[in-house]
Amino acid sequence: MKTRFTLFFIVALLYISQATVYAQATLYVSPTGGNNAPYSSWTDAATNIQVAVDAAIAGDLVLVGDGTYDLSTDVSITKGITVQSVNGYSTTTVDGNNATRCFYINHADAVLDGFTIQNGYNPSALDNGHGGGVNIISGGTVQNCFVTGNQARDGAGIAI
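Residues numbered from 1 in each chain as written. Predicted model: local features only at pLDDT ≥ 70, side-chain atom pairs only at ≥ 80, totals over all residues. Heavy atoms only, no water.

Our next topic: the overall build of the protein. Summing up its helical and strand segments, the protein has 2 helices and 15 strands in all. Residues classed as buried in the protein amount to 37% of the 160 residues present. Intrachain contacts of the protein at a sequence separation of at least 6 include 58% that bridge at least 24 residues. As displayed, the protein has an accessible area near 8,500 Å², and 55% of this comes from carbon and sulfur atoms. (Helix = DSSP H or I, 4+ residues; strand = E, 2+ residues; numbered from the N terminus. Buried < 20%, exposed > 50% of the residue type's maximum accessible area, 1.4 Å probe, protein only. Contact = heavy atoms within 4.5 Å. Areas by Shrake-Rupley, 256 points an atom, 1.4 Å probe, with all protein chains shown as cover.)

Here the protein averages 88 in pLDDT, while 84% of its residues score no lower than 70. Here residues 4-20 scores under 50 on pLDDT; set against residues more than four positions off or in separate chains, the count is 0 contacts. (pLDDT = per-residue confidence, 0-100.)

Turning to its location among the elements, Thr116 is positioned in strand S9 (residues 116-118). For the pair Thr116 and Thr148, spaced 32 residues apart in the sequence, the C-alpha separation amounts to 7.5 Å.

Let us look at the sheet that holds strand S4 (residues 75-77). Sheets are built from strands paired through backbone hydrogen bonds, the pairs being either parallel or antiparallel. Spatially, 4 strands are ordered S4-S7-S11-S15 in an open sheet, and the strand pairing comes out parallel. Strands with a single pairing partner mark the edges of an open sheet, and in this sheet they are S4 and strand S15 (158-159). Taken together, the 3 bridges between strand S7 (residues 103-105) and strand S11 (residues 134-136) define a ladder with parallel strand orientation. From the neighbouring strand, Phe103 faces S11, where its bridge partner is Val134. (Pairing = 2+ DSSP bridges.)

With that settled, consider the pairing of strand S5 (residues 82-85). Each regular strand carries side chains that alternate between the two faces of the sheet. Along S5, the buried face is formed by Val83 and Ser85; none of Thr82 and Gln84, which line the opposite face, is buried. Strand direction decides the pairing type here: S5 and strand S8 (residues 111-113), joined by 3 bridges, are parallel. Bridge pairing in S8 links Val83 to Leu112.

With that settled, consider the sheet that holds strand S13 (residues 146-148). In spatial order, the strands read S3-S6-S9-S13; together these 4 strands make up an open sheet with parallel pairing. The open sheet terminates on both sides in strands that have one partner only, identified here as strand S3 (67-70) and S13. Adjacent strand axes in the sheet meet at a mean angle of 15°, parallel and antiparallel pairs treated alike. Relative to S9, strand S6 (residues 92-95) runs parallel, the two being bridged by 3 bridges. Directly across from Val94, in S9, lies its bridge partner Ile117. (Axes fitted to C-alpha atoms, helices over the stretch in contact; angles between N-to-C directions.)

So, about the pattern of salt bridges. Summed over the entire model, instances satisfying the criterion amount to 2 salt bridges. For Asp74, the salt bridge goes to Arg101, with nearest N and O atoms at 2.7 Å. A residue pair is termed long-range when its members are at least 10 positions apart, and Asp74 in the loop between S3 and S4 and Arg101 in the loop between S6 and S7 qualify at 27 residues. Side by side, Asp74 and Arg101 carry an identical accessibility label, which is buried. (Salt bridge = Lys/Arg side-chain N within 4 Å of Asp/Glu carboxyl O.)

What follows covers unusual backbone geometry. Across the junction of Ala37 and Pro38, the peptide omega takes the value 15°, indicating a cis bond. The topology assignment puts Pro38 in the loop between strand S1 (26-29) and helix H2 (49-55). Within the chain, Asn98 stands out as a residue other than glycine whose phi angle is a positive 55°. Note that Asn98 resides in the loop between S6 and S7. Unusually for a residue other than glycine, Asn144 sits at a positive phi of about 55°.

Here it is as structure tokens:
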């Protein structure tokens, strides 16, 4: 009986440790957040999308609150994470201010979901001028987004 209990305990411990390794975290972004890592609540939310993206690991969700996020550099997503707005593109805008591309995606498992992507700009200096709004290098998904008013040498809205 003791052997059976020990075996059960070892199997349970392995299961729990594996569940912990693969657990998905949610990182929050809000213009009014406290900007306190690890950005695990709306109170401690990052105020910048890129900061939360950088802190995320594969499988995580970066949840972005309503508002307009003005960019001075693009948001670079190079790992298998989801960057998603809370209430969709009608309430969450990423604005390149006619000065920078909005998003750069370079991971097959990256997902960008529910944003208005506007005023991105990439005439030629970045990535040979591809993608003013979004430049997708090696896979990734852009869904439920409204892409408008972007400029680039090639693929003004989205380049793949």
